[in-house]
Amino acid sequence: MATRTTLEKLQILADAAKYDASCASSGTAKKNSLGGKGIGSTEGMGICHAYAPDGRCISLLKILLTNHCVFDCHYCVNRKSSNVERARFTPQEVADLTIAFYKRNYIEGLFLSSGIVKSSNHTMEQLVETARILREEHDFRGYIHLKTIPEADPELVHQAGLYADRVSINVELPTDSGLTRLAPDKNARQIEGAMGRVKSDIVELKDARKRFKHAPRFAPAGQSTQMIVGADAATDSDIVGKASGLYKSFGLRRVYYSAFSPIPDASAVLPLKRPPLIREHRLYQSDWLMRFYGFKPGEIVQAAGADGNLPLDIDPKLAWALKFRETFPVDVNRAAKEQLLRVPGLGTTAVKRILIARRHRTLRLDDVAKLTQSIAKVRPFIVTCDWRPTFLTDRADLRSMLAPKAEQLELFAA
Ligand code: SF4
């Protein structure tokens with residue numbers, strides 16, 4: 001293999017890491033300032049952003065240790081049979097790069113993943129060693145997110161959690177049959193077994209720290225996972241069901257949804273076209289409805305169409321409200337928080353403000369309008385002291401009245 005400079009390796013391994021959505025910003029158009037025109041670029045790889053538990057946005061060096069891989073997952077650009085340029089860092093090189101970027105104030109942490117080189121255990125050892133060098137030799141206190149390998153020895157995954165702030169294990173596909181077909185070297189039971197052990201370690205060591213001041217921390221920012229959307233036949237209902245099961249069983253902090261994008265040198269078993277990016281967005285919205293708005297997975301599924309997929313032209317909360325109009329209108333001056341959270345167009349902050357404001361005065365439509373981006377979307381579903389929607393809630397053409405115009409949708413459908 002040709003000897004590569006650090007910069008060449010960085011280019012290859014930062015680019016190879018961009019397909020992992022666990023801390024990605026996606027969906028924007030490609031722009032750059034090559035040729036001296038303008039300033040900035042949306043195409044550069046290598047630095048991504050994540051949110052700390054206190055809400056701070058932190059920038060992370062996002063790279064792979066190597067893009068060599070002995071597995072052959074069809075959807076992955078780094079799979080064994082892919083014809084991409086390969087490179088490999090040593091743990092020491094990644095640690096040195098992290099510290100160098102950190103000292104220059106480019107980053108505040110590291111997101112490290114890897115292809116499987118030699119064996120799962122060998123690769124996991126290398127990932128752990130990188131984190132060990134950073135934590136023990138450099139006393140690095142910045143954020144570390146390690147992707148862990150479910151097939152590796154549980155003791156190695158445990159060590160990863162002792163060094164990392166967050167660990168993640170990708171479930172990859174929403175259904176077992178999809179995983180078997182597209183990632184033949186992976187096993188759903190093994191993935192869930194590894195997630196279960198991480199959950200136990202998190203709970204156990206959190207509990208130990210309450211009793212013993214010096215008990216070690218274990219992945220204090222929790223664990224997360226990623227699912228690829230649109231590479232197999234799984235519907236949004238399948239995906240929502242899988243995600244809610246994962247949150248419930250493994251106490252995940254986040255499930256990330258990554259719209260499958262055709263990769264260079266793609267396998268013939270993959271679809272030729274990517275799903276619309278708005279589908280990924282609708283799944284994130286449904287995820288928020290389950291985590292912050294009190295929706296049950298079954299209710300999200302009710303918002304889906306007969307094909308099991310969420311509508312693309314309207315958000316899932318509006319889709320649910322239009323199907324269950326008998327639940328509306330709700331009186332913003334009297335309704336419980338749970339009912340207000342179901343009103344399309346009212347976010348958690350708006351609901352919180354309504355609950356505070358109505359303690360002091362009776363709210364009018366104008367008061368609600370100041371708390372939302374579009375009062376037109378809210379009006380059919382609420383009652384205030386000076387407003388009743390009367391027949392508006394039941395109008396047959398309400399959906400078309402509230403759906404954004406097609407031209408607006410294009411903004412998101414890159
Ligand atoms: S294990 Fe699968 S998804 Fe991960 S790098 Fe290898 S081929 Fe890609």
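Conventions and cut-offs
Residues numbered from 1 in each chain as written. Predicted model: local features only at pLDDT ≥ 70, side-chain atom pairs only at ≥ 80, totals over all residues. Helix = DSSP H or I, 4+ residues; strand = E, 2+ residues; numbered from the N terminus. Rg over C-alpha atoms; globule rule 2.2 N^0.38 Å. Buried ≥ 20, exposed ≤ 12 C-beta atoms within 10 Å, placed from the backbone. Expected span 1.5 Å × (residues − 1). Arc of directions from axis to C-beta. Contact = placed C-beta atoms within 7 Å. Near = placed C-beta within 6 Å. Nonpolar A, V, L, I, M, F, W, Y, C, P; charged D, E, K, R; others polar. pLDDT = per-residue confidence, 0-100. Core = buried A, V, L, I, M, F, W, Y, C linked by C-beta atoms within 7 Å. Pairing = 2+ DSSP bridges. Right-handed = clockwise from strand over helix to strand, strands pointing away. Domains from an automatic or database assignment.

**What about the overall build of the protein chain?**
Of regular secondary structure, the protein chain possesses 16 helices and nine strands. Against the globule reference of 22 Å for 414 residues, the protein chain gives a C-alpha radius of gyration of 24 Å, in line with a compact fold. Taken along its principal axes, the extent of the C-alpha atoms in the protein chain is 75 × 55 × 50 Å. Across the 414 residues in the protein chain, those meeting the buried criterion constitute 40%.

**Concerning helix α2 (residues 91–103)**
One turn of the α-helix equals 3.6 residues, which is why residues spaced by three or four share an orientation. Relative to the 18 Å expected for 13 residues at 1.5 Å per residue, α2 spans 18 Å between its end C-alpha atoms, a close match to the ideal helical length. For α2, the set of buried residues is Val94, Ala95 and Thr98. Mapping the buried residues of α2 onto a view down its axis gives an arc of 100°, with all of them on the same face. Seen from the buried face of α2, the exposed residues on the opposite side, beyond 90 degrees, are Gln92 and Lys103. Buried-residue contacts for α2 involve β2 (57–64), β3 (109–113) and α3 (120–137).

**Examining the site of the ligand**
Around the ligand, the neighbouring residues are Cys69, Phe71, Cys73, Cys76, Asn78, Arg79, Gly115 and Ile116. Taken together, the residues that form the shell around the ligand break down as five nonpolar, two polar and one charged.

**Some details on the confidence of the model for the protein chain**
Taken as a whole, the protein chain shows an average pLDDT of 90; of its residues, 90% reach a score of 70 or greater. Ignoring residues within four places in sequence, the model shows residues 24–29, a span with pLDDT below 50, making ten contacts including any to other chains. Confidence drops under a pLDDT of 50 for residues 408–414, and excluding neighbours within four residues, the segment shows 14 contacts in the predicted structure.

**A few points about the nonpolar core**
Formed by 100 residues in total, the largest nonpolar core has its most connected members in Leu13, Ala131 and Ala160. The biggest single contributor to this core is α3, with six residues.

**Focus on the environment of Ile300**
Within the element layout of this structure, Ile300 appears in helix α9 (residues 297–303). As for Ile300 and Ala95, which are separated by 205 residues in sequence, their C-alpha atoms are 43 Å apart. Apart from the residues lying within four places of it in its own chain, the contact partners of Ile300 are Val240, Ser286, Leu289, Met290, Phe295 and Pro316.

**Looking at the pairing of strand β7 (residues 254–259)**
Taken across its six residues, β7 has six buried, putting it largely inside the fold. Where strand β6 (residues 223–229) meets β7, six bridges bridge the pair, whose relative direction is parallel. Bridge assignment links Ile228 to a residue of β7, and that residue is Ser258. Tracing the backbone out of β6, into helix α7 (residues 236–250) and back to the parallel element β7 gives a crossover that is right-handed.

**Notes on the domain arrangement of the protein chain**
On domain assignment, one finds that the protein chain holds domain 1 (6–29 + 41–303) and domain 2 (316–409). Domain 1 and domain 2 are separated by 37 Å when their C-alpha centres are compared. At the interface, twelve residues of domain 1 touch nine residues of domain 2. For the side of domain 1 that touches domain 2, the secondary-structure elements that each account for two or more residues are α8 (277–292) and α9. With six residues, α8 is the largest single contributor of residues to the side of domain 1 that touches domain 2.

**Comments concerning the environment of Leu365**
Tracing the backbone shows Leu365 in helix α13 (residues 365–369). Between the alpha carbons of Leu365 and Leu146 there is a distance of 49 Å; along the sequence they are 219 residues apart. If near-sequence neighbours (up to four positions away) are discounted, Leu365 is found in contact with Thr384, Asp386 and Trp387.

**Re helix α4 (residues 154–163)**
Residues of α4 that are buried include every one of Val157, Gln159, Ala160, Gly161 and Tyr163, and no others. Packing partners of the buried residues in α4 comprise α3, β4 (143–147), β5 (166–168) and α6 (188–211).

**Let's talk about the pairing of β6**
Burial of β6 is extensive: seven of the seven residues sit out of reach of the surface. Covered by surrounding structure in β6 are Gln223, Thr225, Met227 and Val229 together with Ser224, Gln226 and Ile228, the residues of both alternating faces. With two bridges joining them, β5 and β6 adopt parallel strand pairing. Each residue of the ladder has a partner; that of Ser168, found in β6, is Ser224.

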